[in-house]
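Spelled out, the chains give:
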Amino acid sequence: MPFELPKLPYAYDALEPSIDAQTMEIHHSKHHQAYVTNLNNAVAGTDLEAMSLEDLMANIAKVPPVVRNNGGGHWNHSMFWTILGPNGGGPATGAVGEAITKTFGSYDKFKEEFTKAATTRFGSGWAWLCKQTDGSVQICSTPNQDNPLMPDAGCKGHPVLGLDVWEHAYYLKYQNRRPDYIAAFFNLVNWDEVNRRFND
Ligand code: MN3
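A brief report on the enclosed structure follows. (Residues numbered from 1 in each chain as written. Predicted model: local features only at pLDDT ≥ 70, side-chain atom pairs only at ≥ 80, totals over all residues. Heavy atoms only, no water.)

### Let's talk about the coordination of the manganese ion
The criterion, for reference: Counted as coordinating are nitrogen, oxygen and sulfur atoms within 2.8 Å of the metal, or 3.2 Å for Na, K and Ca, while water is not included, which may make sites look incomplete. By the criteria applied, helices consist of DSSP H or I runs no shorter than four residues and strands consist of E runs no shorter than two, each listed in order from the N terminus. Burial here depends on accessible area, computed with a 1.4 Å probe over protein chains only, as a share of the maximum for the residue type. Under 20% is buried, over 50% is exposed, and the range in between is partly exposed.
Here the manganese ion is held by H27 (NE2), H77 (NE2), D164 (OD) and H168 (NE2), and the distances to it run 1.9 to 2.1 Å. Spacing between the donor residues of the manganese ion along the chain follows H-x49-H-x86-D-x3-H. Of the two residues, H77 is situated in helix α3 (residues 65–82) and H168 in the loop between β3 (158–164) and α6 (171–174); the sequence distance between them amounts to 91 residues. For H77, a relative accessible area of 0% gives the class buried.

Structure below.
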């Protein structure tokens with residue numbers, strides 16, 4: 001089995017009260033685990049078994065939908081856990097903070113634009129901040145478990161920050177109030193990790 005569920009870098013209750021422990025436990029141990037299991041089952045005994053997750057994303061047009069959905073789900077959640085943290089929160093720091101200010105004018109304006117992208121993503125999906133080749137950053141969103149590593153996803157650049165807006169990410173605590181969950185997310189962003197990805 002080439003893929004495995006990464007350990008969370010903090011306890012399930014570490015993100016309280018912004019994200020509750022029960023949501024974190026189900027999201028990580030059930031939802032993310034299911035993407036990993038389904039991905040392993042889908043690639044077993046095929047040529048795809050030898051490919052890295054990043055290679056699968058880069059060659060997404062050549063893989064079946066089950067690999068797109070579950071491979072995307074595995075990459076997206078593996079990223080998501082790392083860019084959250086109990087000591088997180090804004091404003092953005094370091095090189096990514098500078099890029100945000102340069103692109104959007106201010107951290108607050110970035111928050112406003114990112115919130116809009118995350119709020120208006122219809123149904124299930126993700127909002128992203130991506131580094132462009134000129135060093136600027138842009139916001140976009142994708143449906144389902146698509147991500148900017150997929151050439152046909154409609155998001156350009158290297159993803160440095162992503163927000164899961166599937167209902168499973170917030171429904172137990174926030175029910176239909178996605179904007180409240182998005183506001184709470186900004187209290188958790190681990191800008192050190194976002195900078196690590198920005199400088200990668
Ligand atoms: Mn999710």
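### Notes on the packing of aromatic side chains
Our working definition: Only Phe, Tyr and Trp rings are paired, with Trp represented by its six-membered ring, and only when their centres lie within 6.5 Å; those with planes under 30 degrees apart are stacked, over 60 edge-to-face, the remainder tilted.
The tally for this structure, following the rule as stated, stands at 15 aromatic pairs. When the ring of Y107 is compared with that of W191, the centres are 6.2 Å apart and the planes differ by 80°; the resulting orientation is edge-to-face. One end of the pair, Y107, is in helix α5 (residues 107–120); the other, W191, is in helix α8 (residues 191–198), and 84 residues separate them in sequence. W191 shares its class with Y107; the two are buried. Between F110 and W191, the ring centres sit 6.3 Å apart and the planes meet at 70°, which makes this aromatic pair edge-to-face.

### Regarding the sheet that holds strand β1 (residues 125–131)
Test applied: Strands pair, by our definition, only if DSSP identifies at least two bridges between them. Lines fitted to C-alpha atoms define the axes, with helix axes restricted to the stretch in contact, and inter-axis angles between N-to-C directions lie between 0 and 180 degrees.
Pairing within the open sheet is antiparallel, and its 3 strands lie in the order β2-β1-β3. Two strands bound the open sheet, and with one partner strand each, they are β2 (137–143) and β3. The mean inter-strand angle of the sheet, taken between neighbouring strand axes irrespective of direction, is 25°. Pairing of β1 with β2, which is carried by 7 bridges, proceeds in the antiparallel orientation. Counterpart to A127 in the pairing with β2 is S141.

### Section: the pattern of salt bridges
Pairs can form between side chains of opposite charge once their charged atoms are near each other. What counts is decided by this rule: Here a salt bridge means any side-chain nitrogen of Lys or Arg lying within 4 Å of a carboxyl oxygen belonging to Asp or Glu.
Counting across every chain of the model gives 7 salt bridges. Where D180 meets R177, a salt bridge forms, and the shortest distance between an N and an O atom there is 3.1 Å. Residue class for D180 comes out partly exposed when judged on its relative accessible area of 37%. The class of R177 is partly exposed, set by a relative accessible area of 35%. Between E193 and R196 there is a salt bridge, and its shortest N-O distance comes to 2.9 Å. Here E193 pairs with R196, and both are found in helix α8, just 3 residues apart, close to one helical turn. Three or more residues are tied together by salt bridges with common partners; here these are R68, D146 and D152.

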